[in-house]
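Read off the chains here:
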Amino acid sequence: MVIYLKAGSKLRERLKPDIDYYTRRIETEEGKTIKEILADIGINPALVAFVYTSGKVKGLHYIPSDGQSITLQPPVAGG
Amino acid sequence: MNNGLAGTTLRVNLTTGEIKRFPTDEKLFRRWHGGRGVIAKLLYDEVPRNADPFGPENIFIVNVGIMSGCYIPSGSKTEFGSISPLTNGHGDSNMGGHLGPMLKFAGYDMLIFTGISPKPVFLYIDNDTVELRDAAKYWGIGSLDCEEQLKKDLGEDFEIATIGPAGENGVLFSCITHDFGRQAGRTGQGTVMGSKKLKAIAVRGNRSILVHDLEALKKQVAEIIQRTKKHPNMEPWQKYGTSFFIRWSNDNAVLPAYNFKTTYYEDVGKIDGDQLIEHCLITHKACFGCWMNCGKYTKAVVEGRPVVHLEGPEYETAATCGSNLGMKDINHVAYINWMMDNLGMDSMSGGGVTAFAMECFEKGFITKEDLEGYTLKWGSLDDVEHFLDMVVHKRGIGEWFAGGSKRAAEKIGKGSEKFAMQVKGQEMSGYDGRWAPGMLLSYMTADIGAHHNRSWTITVDMAEGRESVEGRAKIVVYLQHIRPLFDTWCICRLFWGELDISPEEIVESLNHITGWGITVDEALRTSEMIWNLTRCHYLERNRDIGRVFDYPPARSWEEKIPSGPGKGKGVTKEQVEKMLDEYYEARGWDENGNPTREVLVDLELDFAADNLEKIGFLGKPIPGGVPPIRGEKYKPKAF
Ligand code: SF4
């Protein structure tokens, strides 16, 4: 299946977007968690605080479905 | 003035009530870039080294910087400064909201308060009308209550900064509050306001700010607006703010729990961002000129207590007043946040001091008798409420804790200083640095005591290897130069930093505003100059070699993390020493942590070198000369 990962700031460089400035198309297997997918593409999951999809925050154990677009949110120091 | 400045500086002598107007010193702003930089220079020049932070010789400065209030994103910050009663060194702290821009719209870049008022007053500014007004009616009431009352009395369109009873009573970690939830929390700036009997500042204005090249600025900002609208970080930030990072901190062993005993909080799910949004959120809130609106306006609903309204808890407060106190209900954390806000206490230090007291109670170092019959157990809202009441009124042992955890540990003894989680008297923010050594070094070397905003390295620690301390010093030096520039220019680090706006673009905006035509390197050099000046100031006031002030409490190296994903991890004392050695070397200071003449002269701070030499704390010359690679060239790969 295919998912679309998006990232900005420091994570963007690690993601290596190919569709547009922020987005990378990833072919992966059904049933894999975001954490596993990140490991597959060589991104340390600890550098992702959470993922954001369809207006909701999800943890790294979230299992995406085919065609889904998912934003990776980097951790940041509080205010 | 076509350079972002409003044009006028006010000097307010609180002892005599005299208010004088001066043209803003453009050369001073050009050289020190406003905000924290101008504050550092004025404190260095104007406050005698032996002046008591509570005395009339301490000055209290409100500085709006160059970029605040201008036509740029998040130009919202106001910087406050005075000698910190908490650290006894240069102190500064800032907040967002709308106060700074409004001060500029009224025509003022800077307010400098001297002396001590014989009675409580507030400063009233309505464009050209500037008056010290009687504040008897407001003295003694909470920060948030006072802001509400002043708005009723003066008009909704006034922007207001207040202190609470903590500042009035001399609690050393008192904050300044504005916009019902924005705080300049750190270094006890609210304490200094209170010591001067200055309850509030209320301002209204309707003038324009002129800039060097408005067309170029408009073009640049229009492009930033379009770009940031599409940025993937924007929507999550708008919806959730910083509260969602608490779970990540827990998963990655940096979340302080139970007074930094561990970095794993088993009940994180009860206090994290999901809970905040589900149970407390009322609406989203933004500062001036910002469309990221990370502020969350909320309510705390606790049975048997009135429903209260507040902004937050954002990440730092959720950590320092949540997991660090063992709280198990987001409404309780929000209620503590509200109490601290209304009492006028910095919630980071307030949480740190309360957690320290809880551990002292657990160990039997303080007892029910000391606490007027109350206990002080992890997770008890009743206990925290009573303890804070003792602190704010300095009743019994409350007086010890009103001085912060360092001073309280000196009273309590029994080795309690090992777990008073502070550096230079200021409590740590919401990150444990035992398995994030760069973060620990950031706390150790921050010029205002343990605070994350000068340097935050946790993702760098992860990327570079958490077991090793190698190379961390250079990263910390770079961050200590780049991050405080936001407090110097008075814009929001979160907006510019998290939405991929590069330092070059920020400097371009600064140039459109000022016409200075500077580079990022020049800005970093100014930041290094400010950093060295605040270091010299600290040594001149505290009269010892720098190194003795740069150690964290012994828990940081004596105790490994006992539970969770970081179990068994932690730095050694040798690693702490090594990081300090590398840090001083990277700064061009000697091994005692004293700035050297070579570096100070290179930064045109010859006067500071002379002053350090007179008191015997000038660093020994560095064999081989000054390292040529301070600042920008240390920029690590991760950036
Ligand atoms: S990002 Fe948050 S703190 Fe910064 S200016 Fe915007 S609302 Fe204020």
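Residues numbered from 1 in each chain as written. Chains lettered and ligands numbered in written order. Predicted model: local features only at pLDDT ≥ 70, side-chain atom pairs only at ≥ 80, totals over all residues. Heavy atoms only, no water.

Visitor: Even after reading the chapter, I still don't get unusual backbone geometry, so can you show me in this structure?
Guide: Trans peptide bonds make up most of the peptide bonds, and negative phi angles are found at most residues other than glycine. Residues and elements named next belong to chain B. For the bond running from Gly312 to Pro313, omega is 0 degrees, close enough to zero to count as cis. Note that Pro313 resides in the loop between β15 (308–311) and α11 (315–320). For Asn259, which is not glycine, the phi torsion reads 55 degrees and is therefore positive. Considering the arrangement of structural elements, one finds Asn259 in the loop between α9 (245–251) and α10 (273–280). You can call Asn259 buried: its relative accessible area is 1%. Look at Arg543: it is not a glycine, yet its phi comes out positive at around 50 degrees. (Helix = DSSP H or I, 4+ residues; strand = E, 2+ residues; numbered from the N terminus. Buried < 20%, exposed > 50% of the residue type's maximum accessible area, 1.4 Å probe, protein only.)

Visitor: How should the side chain of Thr9 of chain B be read in this particular structure?
Guide: Residues and elements named next belong to chain B. Along the chain, Thr9 falls in strand β1 (residues 8–13). Residue classification places Thr9 among the buried positions, given a relative accessible area of 5%. Side-chain polar atoms of Thr9 contact the side chain of Thr24, separated by 3.1 Å. Setting aside residues up to four positions removed in sequence, Thr9 forms contacts with Lys20, Arg21, Phe22, Thr24, Met110 and Ile112. (Polar contact = N/O pair within 3.5 Å; in protein donor to acceptor, adjacent residues only side chain to side chain. Contact = heavy atoms within 4.5 Å.)

Visitor: I would appreciate a short explanation of the packing of aromatic side chains in the present structure.
Guide: Throughout the structure, instances matching the rule amount to 26 aromatic pairs over all chains. Arranged with centres 5.7 Å apart and planes meeting at 35 degrees, the rings of Phe60 of chain B and Phe113 of chain B form a pair that is tilted. Pair noted here: Phe60 of chain B is in strand β3 (residues 60–63) and Phe113 of chain B is in strand β6 (residues 108–114), with a separation of 53 residues, a long-range link. Across this residue pair, the class does not change: Phe60 of chain B and Phe113 of chain B are buried. An aromatic cluster is present here, built from Phe50 and Tyr52 of chain A together with Trp237, Tyr240, Phe244 and Phe245 of chain B joined pairwise through their rings. (Phe/Tyr/Trp six-rings, centres within 6.5 Å; stacked < 30°, edge-to-face > 60°.)

Visitor: Just checking my understanding: could you explain the pattern of salt bridges for this structure?
Guide: Note on pairing: side chains with opposite charge can pair once their charged atoms come close. Residue and element names in this part refer to chain B. Tallying each qualifying case throughout the model produces 55 salt bridges over all chains. Across the pair Lys620 and Glu591 runs a salt bridge, and its minimum N-O distance is 3.3 Å. Of this pair, Lys620 sits in the segment after α27 (606–615) while Glu591 sits in the loop between α25 (573–587) and α26 (597–602), placing them 29 residues apart in sequence. Between Arg597 and Asp610 there is a salt bridge, and its shortest N-O distance comes to 3.0 Å. Of the two residues, Arg597 is situated in helix α26 and Asp610 in helix α27; the sequence distance between them amounts to 13 residues. (Salt bridge = Lys/Arg side-chain N within 4 Å of Asp/Glu carboxyl O.)

Visitor: In this structure, what is going on with the nonpolar core? I would like to understand it.
Guide: Ranked by internal contacts, the top residues of the largest apolar core, which has 216 residues, are Leu5 of chain A together with Leu111, Phe113, Ile125, Ile366 and Phe401 of chain B. In terms of residues, this core owes the most to one element, helix α23 (residues 520–542) of chain B, which gives 10 residues. Apart from residues lying up to four places away in sequence, Leu111 of chain B is in contact with Leu10, Phe60, Ile61, Val62, Leu103, Leu123, Ile125 and Ile201 of chain B. Counting residues in hydrophobic clusters, the runner-up holds 11 residues, among them Phe122, Tyr124, Ile160 and Ala200 of chain B. (Core = buried A, V, L, I, M, F, W, Y, C linked by side-chain atoms within 4.5 Å.)

Visitor: Would you explain the packing of helix α12 (residues 330–343) of chain B against helix α14 (residues 381–392) of chain B in this entry?
Guide: Residues and elements named next belong to chain B. Interhelical geometry of α12 versus α14 gives an angle of 10 degrees and a closest axis separation of 11 Å. Judged by the angle between their axes, α12 and α14 are roughly parallel. Residues His332, Tyr335, Ile336, Met339, Met340 and Leu343 of α12 form the contact with α14, whose own contacting residues are Leu381, Val384, Glu385, Leu388 and Val392. (Axes fitted to C-alpha atoms, helices over the stretch in contact; angles between N-to-C directions. Parallel < 35°, antiparallel > 145°, perpendicular 65-115°, else oblique.)

Visitor: When you look at the interface of chain B and chain A in this model, what are you seeing that I'm missing?
Guide: Reports often express the size of an interface as the amount of accessible area lost when the parts come together. The interface of chain B with chain A comprises 32 residues on the first partner and 26 residues on the second. Roughly 2,400 Å² is buried in total at the junction of chain B and chain A, and carbon and sulfur atoms are behind 60% of that figure. Of all residues in chain B, Pro232, Phe245 and Trp248 of chain B bury the most surface against chain A, accounting for 22% of the area lost on that side. Where chain B packs against chain A, one counts 0 salt bridges. Inspection of the region where chain B meets chain A yields 6 residue pairs in polar contact (both at pLDDT 80 or more). The leading source of residues in the side of chain B that touches chain A is helix α8 (residues 234–240) of chain B, at 5 residues. (Buried area = accessible area lost by both parts, 1.4 Å probe.)

Visitor: Whenever I open this one, the site of the ligand confuses me. Can you help?
Guide: Residues and elements named next belong to chain B. Residues in close proximity to the ligand include Ser74, Ser76, Arg182, Ala286, Cys287, Cys290, Met292, Asn293, Cys294 and Cys492, which together make up its full environment. Here the shell around the ligand is composed, by residue class, of 6 nonpolar, 3 polar and 1 charged. Looking at which domains feed residues into the shell around the ligand, each of domain 1 (8–204) and domain 2 (240–414) supplies at least three. (Near = heavy atom within 4 Å. Nonpolar A, V, L, I, M, F, W, Y, C, P; charged D, E, K, R; others polar. Domains from an automatic or database assignment.)

Visitor: What am I meant to see in the confidence of the model for chain B here?
Guide: Keep in mind that low pLDDT regions are not for reading the predicted coordinates in detail. Overall, the prediction assigns chain B a mean pLDDT of 96, with 98% of residues at 70 or greater. Our summary of model confidence lists the complex with pTM equal to 0.96 and ipTM equal to 0.92. (pLDDT = per-residue confidence, 0-100.)

Visitor: Explain the sheet that holds strand β4 (residues 56–58) of chain A here, please?
Guide: Strands belonging to one sheet form pairs held by backbone hydrogen bonds; the direction of such a pair is parallel or antiparallel. All names here are of chain A. An order of β2-β1-β5-β3-β4 is seen for the 5 strands of this open sheet, with the pairing classed as mixed. Lying at the two open borders of the sheet, with one neighbouring strand each, are β2 (23–27) and β4. Across the sheet, the axes of successive neighbouring strands diverge by a mean angle of 35 degrees, strand direction being ignored. Sheet topology places strand β3 (residues 50–53) next to strand β5 (residues 69–73); 3 bridges connect them, and they run antiparallel. (Pairing = 2+ DSSP bridges.)

Visitor: Is there a simple way to think about the confidence of the model for chain A in this case?
Guide: Across chain A, the average pLDDT comes to 92, with 96% of residues at or above 70. Within chain A, β2 of chain A carries the highest mean pLDDT (97), whereas helix α1 (residues 9–15) of chain A carries the lowest (88).

Visitor: Explain helix α16 (residues 404–412) of chain B here, please?
Guide: Residues lying three or four places apart along an α-helix face the same way, a consequence of the helix completing one turn every 3.6 residues. All names here are of chain B. When we look at burial in α16, the residues that qualify are Gly404, Ser405, Ala408, Ala409 and Ile412. Buried positions in α16, seen along its axis, are confined to an arc of 160 degrees and lie on one side of it. Looking at the packing, one finds that the buried side of α16 touches α13 (347–362), α15 (398–402), β16 (422–423) and β17 (426–427). At the C-terminal side of α16, Gly413 shows a positive phi close to 65 degrees. (Arc of directions from axis to C-beta.)

Visitor: What is the right way to look at the sheet that holds strand β7 (residues 121–126) of chain B in this model?
Guide: Residue and element names in this part refer to chain B. Reading across the sheet, the 6 strands line up as β8-β7-β12-β9-β10-β11 and stay open at both edges, with mixed pairing between neighbours. Single-partner strands in this sheet number two, and they are β8 (129–134) and β11 (182–184). When the angles between neighbouring strand axes are averaged without regard to direction, this sheet yields 20 degrees. The pairing of strand β10 (residues 176–178) with β11 spans 3 bridges and is classified as antiparallel.

Visitor: Would you take a moment to explain α14 of chain B for this structure?
Guide: Residue and element names in this part refer to chain B. For α14, built from 12 residues, the straight-helix expectation of 16 Å at 1.5 Å per residue is met to within 8% by its first-to-last C-alpha distance of 16 Å. The buried count for α14 comes to 9 of 12 residues, which makes it a mostly enclosed element. Of all the residues in α14, the buried ones are Leu381, Asp383, Val384, His386, Phe387, Leu388, Met390, Val391 and Val392. At the C-terminal side of α14, Lys394 shows a positive phi close to 50 degrees. (Expected span 1.5 Å × (residues − 1).)

Visitor: Teacher, can you tell me more about the domain arrangement of chain B here?
Guide: Residues and elements named next belong to chain B. When the domains of chain B are assigned, the result is domain 1 (8–204), domain 2 (240–414) and domain 3 (437–615). For domain 1 versus domain 2, the distance between C-alpha centres works out to 26 Å. With 37 residues of domain 1 at the contact, the number on the domain 2 side is 33 residues. The largest per-residue losses of area from domain 1 upon contact with domain 2 belong to Phe173, Arg182 and Arg186, which jointly make up 26% of the total buried on that side. On the surface where domain 1 and domain 2 come into contact, there are 3 salt bridges. Between Arg182 and Glu311 there is a salt bridge, and its shortest N-O distance comes to 2.9 Å. Taken together, domain 1 and domain 2 are joined by 20 residue pairs in polar contact (both at pLDDT 80 or more).

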